[in-house]
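# Summary of structural features
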Amino acid sequence: MSCDPANRSGAWIHSTRRLVVDSNIEDMILRTICFVVAAMAIVATVGIAVAEDNVDPTAVKSEDGKYLDKEGNPTFKVAPDGTVDWYTYSGYRRYHSECHVCHGPDGEGSSYAPGLKNSVNTMSYGDFLAAVASGRKNVSTSQRNVMPAFGDNPNVACYMDDLYVYLRARANDAVGRMRPAKHEDKPPAAQQAEDSCMGKR
Amino acid sequence: MRKMLFATCLGAMAAFAADAAYANEELIKMSQNPKDWVMPTGNYANHRYSQLKQITADNVGKLQVAWTFSTGVLRGHEGGPLVIGDLMYVHAPFPNTVYALDLKDENKIVWKHEPKQDPNVIPVMCCDTVNRGVAYADGKIFLHRADTTLDALDAKTGKVVWSVKNGDPSKGETGTSSPMIFKDKVIIGISGGEFGVRGSVTAYNIKDGKLVWRAYSMGPDSDTLLDPAKTTHLGKPVGKDSGTNTWQGEQWKIGGGPTWGWYSYDPELNLMYYGSGNPSTWNPTQRPGDNRWSMTVFARDVDTGMARWVYQMTPHDEWDYDGVNEMILSDQQVGGQARKLLTHFDRNGLAYTLDRGTGELLVAEKYDPKVNWTSGVDMNKSSPTYGRPKVVDQYSTEKQGEDHNVKGICPAALGTKDEQPAAYSPETQLFYVPTNHVCMDYEPFKVSYTAGQPYVGATLSMYPPSGESNMGNFIAWDGKTGKIVWSNKELFSVWSGALATAGGVVFYGTLEGYLKAVDAKTGKELYKFKTPSGIIGNVTTYEQGGRQYVAVLSGVGGWAGIGLAAGLLAPENAAAWQGAAGRAAAGRALESAERNVDTAGLGAVGGYAALSNYTALGGTLTVFALPQ
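Scope of this entry: the structure provided in the associated data block.

The rules we used
- Residues numbered from 1 in each chain as written.
- Chains lettered and ligands numbered in written order.
- Predicted model: local features only at pLDDT ≥ 70, side-chain atom pairs only at ≥ 80, totals over all residues.
- Heavy atoms only, no water.
- Contact = heavy atoms within 4.5 Å.
- Buried area = accessible area lost by both parts, 1.4 Å probe.
- Salt bridge = Lys/Arg side-chain N within 4 Å of Asp/Glu carboxyl O.
- Polar contact = N/O pair within 3.5 Å; in protein donor to acceptor, adjacent residues only side chain to side chain.
- Helix = DSSP H or I, 4+ residues; strand = E, 2+ residues; numbered from the N terminus.
- Nonpolar A, V, L, I, M, F, W, Y, C, P; charged D, E, K, R; others polar.
- Pairing = 2+ DSSP bridges.
- Axes fitted to C-alpha atoms, helices over the stretch in contact; angles between N-to-C directions.
- Disulfide = S-S within 2.5 Å.
- Buried < 20%, exposed > 50% of the residue type's maximum accessible area, 1.4 Å probe, protein only.
- 1 Å grid on protein atoms, 1.4 Å probe; cavity = no way out; pocket = protein on both sides within 12 Å on 5 of 7 lines; lining within 4 Å.
- Points joined across faces, edges and corners; volume = space filled by probe spheres on them.
- Phe/Tyr/Trp six-rings, centres within 6.5 Å; stacked < 30°, edge-to-face > 60°.
- Lys NZ or Arg CZ within 6 Å of the ring centre and 35° of its normal.
- Core = buried A, V, L, I, M, F, W, Y, C linked by side-chain atoms within 4.5 Å.

## Some words on the interface of chain A and chain B
- Contact residues are listed per partner, giving 40 residues for chain A and 46 residues for chain B.
- Of the roughly 3,500 Å² buried at the junction of chain A and chain B (both faces included), carbon and sulfur atoms supply 49%.
- If you look at where chain A meets chain B, you find three salt bridges.
- Linking Arg 179 of chain A and Glu 443 of chain B is a salt bridge whose minimum nitrogen-to-oxygen distance equals 2.5 Å.
- Here chain A and chain B share 14 residue pairs in polar contact (both at pLDDT 80 or more) between them.
- Only helix H3 (86-103), strand E4 (136-139), strand E5 (144-147) and helix H6 (154-157) of chain A provide two or more residues apiece to the side of chain A that touches chain B.
- The element contributing the most residues to the side of chain A that touches chain B is H3 of chain A, with ten residues.
- Looking at the side of chain A that touches chain B, its residues break down into 15 nonpolar, 13 polar and twelve charged.

Right under this line is the structure:
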């Protein structure tokens, strides 16, 4: 499968909604989506491999306000005074809108679904995106756990990195159980990505 | 010949009509037999009161477990069993297994019904795969499945007599509520307020499952079954298209107002009563206007579905205060006059008493003193804001706007009370109410709608009220005056339906798993026993072979299980909230918080306890009786 952002045809673009936007942002989004689609393909063939995510979460660089680890995966950044990066903060908000009704407050888990704070430690960034985009199903005599596919839900799909970064920060105890008190300003790139992904009002 | 045919036809019609009315009369008669428990609500008035008095305030302390039964399902177990003669009917959450047990023969399984349902319905059930129980009439057991299918089962064999599909889970429509049988109709609601469904109530014929009428919570008059001239709101006609003209554009089509609560019925007035839930989305800015008729008490004619009167409790909801809680019907003296009353404990923290014939508002008072989003309801009939709650600006998520985190709103979205039904004793004339004692921060923001996907639009965090550590209370309430008579603190929200009895005992369950018995007059705790899992089910009583039994389903889950499993807050957050150490350094804050919590008076962990430290999943029916 080609994951060249220049390749703007193909059904998978249509399913991810309203992506007719200007160059940089679109490339960024397409890169994420390619990753998701690729990861989904892997899941379809081999299933999700459970492995410790041993990648050092330390941010080594920043791209338009989004911090990346040495592997180039999104990560959190917490300043000594507790100020968190925008994506951690945004992820907190999105998590408590879309995810907490099943997974419990602060990624802690519930009687209904597992604590994602622990789950992100056992899955790679790609596995995470794939699970959110295509859902999971664990139905047996004793288990009846089903997670829906959020790939078509812009309230989730447009904020996958935000959710990942927030949960990664929780997994590494970089942020506590509560709304982060202080956060960096919303980067213009995040605003543009949001507007184009959500469809401007 | 023609004459004869006509006569036969008339005769057949009359016979059919008599047959139709029979189900209702049969049920009324059966519900007067205290040995049985024939409908989920105890009786049509939703009293959850039993005339049985073998178990009394004096001897309840000797109660013992008589027998238990595992449902084989792990999820949250709401509702309670039915008892009809020698058979008990026990239901379970998804996959919605129903068992018929023979009470006369070692509680053996007579039949079991396990419908095949697509597991894809599981993730569109907002707050666990709960089911609130089955109903009985006309020799059939009615099951409202998660996937919205209504199954009518032969009560003796469990065989499916007929089956109809009420909604579409691919749009987020699901079934959690218990059916109720009024006359020859089975009434069911719909869940999915967090998925942008448009709520409706539907009446099916108990004989064949044929749809008789469907009434939506919002939409044109032909959908809402509101008569512009005859249906009243606070004594005035609602006017034309009241179900669309307080909405902007076509938002009403995904307007919410689900109907997953309990239903009551007054056979004399031929009116049924229920409430509608939250408008969609939780972000109020995206739906300007009063959003009628979400958050509304409905009184509908059972035969036609036409609304006699409506009352919107929380116009333009800004906090997810669903109005679905039960409407309890009582006949009491108010101001020296005999009145036919309806009492309702709303999620918004106000307890309402209305005249159930006319919809006249008589009482609207807070049933938790911590409720702060409103300063009260305008009771002045000549005021332009008559019947509306006065919203305190500081706690208005609409006034503060999108992307603004409004702090310290009481109650939290789970309400001062959720679906867990209260009981009413005609003897003490008191209501016994399981309540939540939880506050929240609420930040609304823009969301877009995708069919079948969550449509929420707000970020929430919840915690006990400032300075307090108990997350629940079990209270006795005087509906005539709007006053708390007594109040017992509970560590966690009380998420179990109450039972009042002629023995002067009131029963309820707790989230840790205790079945508790308290004195109906004083609230004094008389007995407790820890069942295998947390209780979110409703307590039932029945008599078999001369013994009175008390039964309850345990099996933690539901919204309570989701919100409280991990505890509402960690100690460091509790400290920040309590202001005890909010500004201190993190380490010191934690230490101080632990001290704080230790001295909270409700055990070592105080109000910030994690439910997961007390109980785990698993559905079990526990049945109690006095020793023989």
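## Overview of the sheet that holds strand E41 (residues 547-554) of chain B
Residues and elements named next belong to chain B.
- Pairing in this open sheet of four strands is antiparallel, and the strands run E2-E42-E41-E40 from one edge to the other. Edge strands, defined here as strands with exactly one partner in the open sheet, are strand E2 (64-70) and strand E40 (540-544). For this sheet, the mean inter-axis angle between neighbouring strands, taken without regard to orientation, is 25°.
- As judged from the five bridges shared by E41 and strand E42 (residues 620-625), these two strands associate in the antiparallel manner. From the neighbouring strand, Val 552 faces E42, where its bridge partner is Thr 622.

## What about the state of the cysteines?
- The full count for this structure, using the stated rule, is two disulfides over all chains.
- Note that Cys 158 of chain A is cross-linked by a disulfide to Cys 197 of chain A, the S-S spacing being 2.0 Å. Torsion about the S-S bond of the Cys 158 of chain A and Cys 197 of chain A cystine: about -85°, corresponding to left-handed handedness. Remark: Cys 197 of chain A occurs in helix H8 (residues 188-198) and Cys 158 of chain A occurs in the loop between H6 and helix H7 (160-171); sequence separation between them is 39 residues. An identical accessibility class is assigned to Cys 158 of chain A and Cys 197 of chain A; each is buried.
- Cys 410 of chain B shares a disulfide with Cys 439 of chain B; S-S distance 2.1 Å. One quick way to see it: the torsion about the S-S bond of Cys 410 of chain B and Cys 439 of chain B is about 100°, and its sign makes the bridge right-handed.

## What about empty space enclosed by the protein?
Residue and element names in this part refer to chain B.
- Under the criterion given, the structure shown has five cavities of 30 Å³ or more.
- Each pocket or cavity is described by its volume, and for the largest cavity that value is around 310 Å³.
- What lines the largest cavity is a set of 27 residues, and nearest its centre among them are Cys 126, Cys 127, Arg 132, Glu 194 and Trp 260.
- Looking at side-chain class alone, the lining of the largest cavity contains eleven nonpolar, seven polar and nine charged residues.

## Overview of the pairing of strand E11 (residues 160-165) of chain B
- Bridging between strand E10 (residues 149-154) of chain B and E11 of chain B involves five bridges; their strand directions are antiparallel. Note on E11 of chain B: the bridge partner recorded for Asp 151 of chain B is Ser 163 of chain B.

## Focus on H8 of chain A
Residues and elements named next belong to chain A.
- Most of H8 is tucked away, with eight of its eleven residues classed as buried.
- The complete set of buried residues in H8 reads Ala 189, Ala 190, Ala 193, Glu 194, Asp 195, Ser 196, Cys 197 and Met 198.
- Backbone geometry just downstream of H8 places Gly 199 in the positive-phi region, at approximately 85°.

## A closer look at the packing of aromatic side chains
Residues and elements named next belong to chain B.
- This structure, assessed with the given rule, holds 32 aromatic pairs over all chains.
- Centroid distance Tyr 311 to Tyr 352: 5.7 Å. Interplanar angle 70°. Geometry classified as edge-to-face. Separated by 41 residues along the polypeptide, Tyr 311 in strand E21 (residues 307-312) and Tyr 352 in strand E24 (residues 350-355) bring together distant segments of the chain.
- Judged by centre distance (6.3 Å) and plane angle (75°), the ring pair of Tyr 367 and Trp 477 falls under edge-to-face. With Tyr 367 in the loop between strand E25 (361-366) and strand E26 (374-377) and Trp 477 in strand E33 (residues 472-478), this pair connects stretches of sequence that are 110 residues apart. Of the two residues, Tyr 367 and Trp 477, both sit in the buried class.
- One aromatic cluster in this structure is built from Phe 345, Tyr 367, Tyr 424, Phe 431 and Trp 477.
- Sitting over the ring of Trp 262, Arg 48 keeps its end group 4.7 Å from the ring centre.

## Description of the nonpolar core
Residues and elements named next belong to chain B.
- In this structure, Trp 67, Met 88, Tyr 89, Phe 142, Met 272 and Phe 507 are the most contacted members of the largest nonpolar core, which totals 81 residues.
- Considering each element in turn, this core owes the most residues, five residues, to E41.
- Non-local contacts of Trp 67, meaning those with residues more than four positions away in its chain, are made with Met 88, Leu 101, Leu 103, Asn 107, Tyr 542, Tyr 549, Leu 621, Thr 622 and Val 623.
- Grouped together as the second largest cluster of nonpolar side chains are 66 residues, Cys 127, Leu 271, Trp 282 and Ala 413 included.

## As for the sheet that holds strand E2 (residues 66-68) of chain A
Residues and elements named next belong to chain A.
- Strand order across the open sheet formed by three strands is E1-E2-E3, with antiparallel pairing between neighbours. Where the open sheet ends on each side, the last strands, each with one partner, are strand E1 (61-63) and strand E3 (74-75).
- Here E2 pairs with E3 via two bridges, running antiparallel. Bridge pairing in E3 places Tyr 67 opposite Thr 75.

These results come straight from atomic positions and should not be treated as a statement about function.
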